[in-house]
Amino acid sequence: MILLQSSSKFLLQTLLNRVNNLEKAVELDYQWVEFGDVRYHIQVTMKNPQYLSLSVSLPIPPPETIFYGGLPVGALEAIKAAYIGIVQILDPPRDGFNLTLKLNLSKLPAQDEQRQVLLVKIASVREVVLGAPLAVVLRSLSSKTVSPNLNQLVAIVHRPKESFFVLPQAEKVTVIFPMRFKDSIDTILATSFLQELIEARRSAGLQNAPLCSWSLSPPPELKEVPAEALSANAGFVTFVIYPRHVEGKKLEKTVWSLSTFHAYASYHVKCSEGFMHSRMRRRVDSLIQALDRAKPDSEASMGTGQSKSFKGLSLKDSRTNSSS
Amino acid sequence: MDAATSRPAVVIDNGTGYSKMGFAGNIEPSFIAPTVVAVNESFLNQGRTPSKANWQAQHSAGVMADLDFYIGDEAVAKSRSSSSYNLSYPIRHGQVDNWDAMERFWQQCIFEYLRCDPEDHYFLLTESPMTAPESREYTGEIMFETFNVPGLYIAVQPVLALAAGYTTSKCEMTGVVVDVGDGATSVVPVAEGYVIGSSIKSFPLTGTDVTHFIEQLIRERGEHIPSEDSFEVARKIKETYCYTCSDIVKEYNKYDQEPAKYIKQWKGIKPKTRAPYTCDIGYERFMGPEIFFNPEIYSGDTSTPLPSVVDKCIQSAPIDTRRALYKNVVLSGGSTMLKDFNRRLQRDIKKIVDERMQATTARHGEELKVQPVEVNVVSHPIQRYAVWFGGSVLASTPEFFAACHTKADYEEYGSTICRTNPVFKGMY
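The structure displayed is predicted, hence computed values, not measured ones.

About the cut-offs
Residues numbered from 1 in each chain as written. Chains lettered and ligands numbered in written order. Predicted model: local features only at pLDDT ≥ 70, side-chain atom pairs only at ≥ 80, totals over all residues. Heavy atoms only, no water. Domains from an automatic or database assignment. Contact = heavy atoms within 4.5 Å. Buried area = accessible area lost by both parts, 1.4 Å probe. Salt bridge = Lys/Arg side-chain N within 4 Å of Asp/Glu carboxyl O. Polar contact = N/O pair within 3.5 Å; in protein donor to acceptor, adjacent residues only side chain to side chain. Pairing = 2+ DSSP bridges. Helix = DSSP H or I, 4+ residues; strand = E, 2+ residues; numbered from the N terminus. Axes fitted to C-alpha atoms, helices over the stretch in contact; angles between N-to-C directions. Phe/Tyr/Trp six-rings, centres within 6.5 Å; stacked < 30°, edge-to-face > 60°. Buried < 20%, exposed > 50% of the residue type's maximum accessible area, 1.4 Å probe, protein only. pLDDT = per-residue confidence, 0-100.

K.L.:
Mind showing me how you'd approach the domain arrangement of chain B here?
P.N.:
Interfaces are often sized by the accessible area lost when the parts come together. By domain assignment, chain B separates into domain 1 (3–33 + 108–159 + 399–427), domain 2 (36–88), domain 3 (167–203 + 305–378) and domain 4 (207–291). The C-alpha centroid of domain 4 of chain B is placed 40 Å from the C-alpha centroid of domain 1 of chain B.

K.L.:
What is the right way to read the interface of chain B and chain A from this model?
P.N.:
In this complex, chain B contributes 42 residues to the contact, which on the side of chain A involves 38 residues. The junction of chain B with chain A conceals about 3,300 Å² of combined surface from both sides, 46% of it contributed by carbon and sulfur atoms. In this structure, Glu74 of chain B and Lys9 of chain A form a salt bridge, with 3.8 Å as the shortest nitrogen-oxygen distance. Linking chain B with chain A are 15 residue pairs in polar contact (both at pLDDT 80 or more).

K.L.:
Please clarify how the sheet that holds strand 1 (residues 28–34) of chain A should be interpreted in this entry.
P.N.:
Picture the strands of a sheet paired through backbone hydrogen bonds; they go either parallel or antiparallel. All names here are of chain A. Taken in spatial order, the 5 strands line up as 1-2-3-7-6 in an open sheet, and their pairing is antiparallel. Two strands lie at the open edges of the sheet, namely strand 1 and strand 6 (87–90), each paired on one side alone. Across this sheet, the average inter-strand angle for adjacent strands is 20°, counted without regard to direction. The pairing of strand 2 (residues 38–44) with strand 3 (residues 51–57) spans 5 bridges and is antiparallel. Residue pairing in the sheet places Arg39 in a bridge with Ser57 of strand 3.

K.L.:
When you look at the environment of Tyr85 of chain B in this model, what are you seeing that I'm missing?
P.N.:
Residue and element names in this part refer to chain B. Mapped onto the secondary structure, Tyr85 falls in strand 6 (residues 85–88). C-alpha separation for the pair Tyr85 and Glu412, spaced 327 residues apart in sequence, amounts to 41 Å. With residues up to four places along the chain from it excluded, the contact list for Tyr85 reads Ala38, Val39, Asn40, Asp68, Tyr70, Lys78 and Ser79.

K.L.:
What am I meant to see in the packing of aromatic side chains here?
P.N.:
For any pair of aromatic rings, the description consists of the separation of the ring centres together with the inter-plane angle of the planes. Evaluated as defined, the whole model comprises 30 aromatic pairs over all chains. A ring pair is formed by Phe10 of chain A and Phe31 of chain B, whose centres lie 5.8 Å apart and whose planes are at 75°; its orientation type is edge-to-face. Separated into two different chains, Phe10 of chain A in helix 1 (residues 9–20) and Phe31 of chain B in strand 3 (residues 31–34) make up a pair that spans both. The buried category is assigned to Phe31 of chain B, whose relative accessible area is 5%.

K.L.:
Please clarify how the confidence of the model for chain A should be interpreted in this entry.
P.N.:
Low pLDDT means the predicted coordinates in that region are not meant to be read closely. Residue and element names in this part refer to chain A. Summary statistics for chain A give a mean pLDDT of 83 and a share of 90% for residues scoring 70 or more. When pLDDT is averaged over each helix and strand of chain A, the minimum, 46, is found for helix 10 (residues 315–323) and the maximum, 92, for strand 12 (residues 236–241). This model gives residues 317–324 a pLDDT under 50, and the stretch forms 4 contacts once residues within four places in sequence are excluded.

K.L.:
Which parts of the structure should I look at to understand the pairing of strand 10 (residues 172–178) of chain A?
P.N.:
Strand residues, when the strand is regular, have side chains that alternate between the two faces of the sheet. Residues and elements named next belong to chain A. Within strand 10, 6 of the 7 residues are buried, which leaves it mostly tucked inside the rest of the structure. When strand 9 (residues 162–169) meets strand 10, the two strands line up antiparallel, connected through 5 bridges. Bridge pairing in strand 10 places Val166 opposite Val175. From the end of strand 9 to the start of strand 10, which pair antiparallel, there are 2 residues, and Glu171 there has a positive phi angle of about 70°.

Listed below in structure tokens is the structure:
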């Protein structure tokens, strides 16, 4: 319904715009930030219009996650596999960023369809980099190879100084999210939203969906994790992923949905707040209408419902109004 | 301070026609989308019977209706392809008209387009100078309650348009902003960053009227343009071929002498039959923009041309600001992009000012020397989204975060704090 797309809309738009006007050299320097504190920076210079440099900075990792050279485990390999031939990883990356890619736009495939697929893939660089550790675990699950770190908890960063946990087991992978929200109202809404989510999973149509559960206290799988990484105020959500959820093309989708689960929940919380407000406004309007109807006729004839300013009242009207 | 101040602020300029949104510190907005929401109302209209069994169905229908909507270009496309979506325009004549639609619009702007977490960024929104304080309160309520923004600043559009000149020349916070948008045209004098509210003048013709006028001219000449497409074609003709001339009679003569040089061809395909057609574009190239300078050729009820409106506006401003105002007439809005618009406006204002000065000199004779008044119409290449750019410049200064209303302030004092927004002192 309101799922977040894995490709960044602005990045895709800029790339398409650039590719379609490759012969026209432009200066481009743009910075923006996405949810989960992922920053992007793109730059095109007049000198080399066919090159586009794209820098990405990741959220600050908490102490329990493992980073190699500023990137999550497996990210470098994932980038190399995804963008073979057109991307060059610059080392060291641009100051203040974790990763800088240099794209050679003239080397893109000539066919429109292939090119589109590749551009979308570049625009979803966030999925490739941040989802890399999860993708490694899930891939070994789908190929039924025994993961090297079986029964070892992996922490993966998804928000600044926050991580979620993945426990690879034989034949299944358990993913646990400690849910934290800043605002007290958000926390309450999120708690009930998550409980609804668990309820909804039990309905008949969703027999094949991953098992999920919610608890206020940390589940037993997390007993080795230091307590400061488990300070969740909206409980813990656990998903159990079986091989059937990561078959073939489903893998990418699963990785994306899991790594942005927090953003998804917070998006829903914000939306429901918005819709509650519009309901409240409608209710207030109907109550005001009821009040207007209850007024005696002499006052109602002045059009209390419509007149928004004093200008609508004549001098005589306003006098009777003040005396009443 | 908290981490939100280290991230760029989000700048959203909601105009009647188009909304511009992006992050502060950039030159261009990330997205320019029509301010329109397509809502699927087919869910709400089915079965209003208040039976118990129906309650669940109605509830989920309501939920579906809440979620099933689109904004911007997608909304326009959806309403064309399916009949179950109704377009609603949240802003009319520069004022927010439908708050439900506006809230939905913002929600999609933030989550689908900019894809940012509203809790992480300060926000800069804009409003027209005629907006009531209650509307600002409402905006603040939505921003703080629904989106939990850490800080909010509601800026006045003309002030931002002035600030857009900040980088191109010396920062001048005194000037007249001539804003010709899609839905509203206004002339707003600003002195030292404060809008002179009593002198704001509005002008009834807008960019849409130019398009209508071109459409009318083409139709009267009998060009073969399919009627369902004619407004769009007229708009494209306006954007590509129109320019402002210095004298209509001379321009007519030029066209009559060398039609081959001036008359352009428009090629199109009829949307229904797919048959190609062509039409000539002649006098409407300069006649369209002419309605700002000779409004009587288009509508019967206005006869004051735009330059006189600007002049009247400056004349009604406090006397000590007038010279500074004449010196800095700033253009903003898409319709001021018409070629040579600024030169024509400057020439016409100058003419009015000079006539007045001659009259003064004639009345007083030789003993009084009148200092000439400098008239300057400033134009810059970013006129189309000058307001957004001004916002981007302002929001990237460190003073911006201090001028914002914070979430803590809101919780302490309530939405009344949004009624006033301080003018930056650090800017000049």
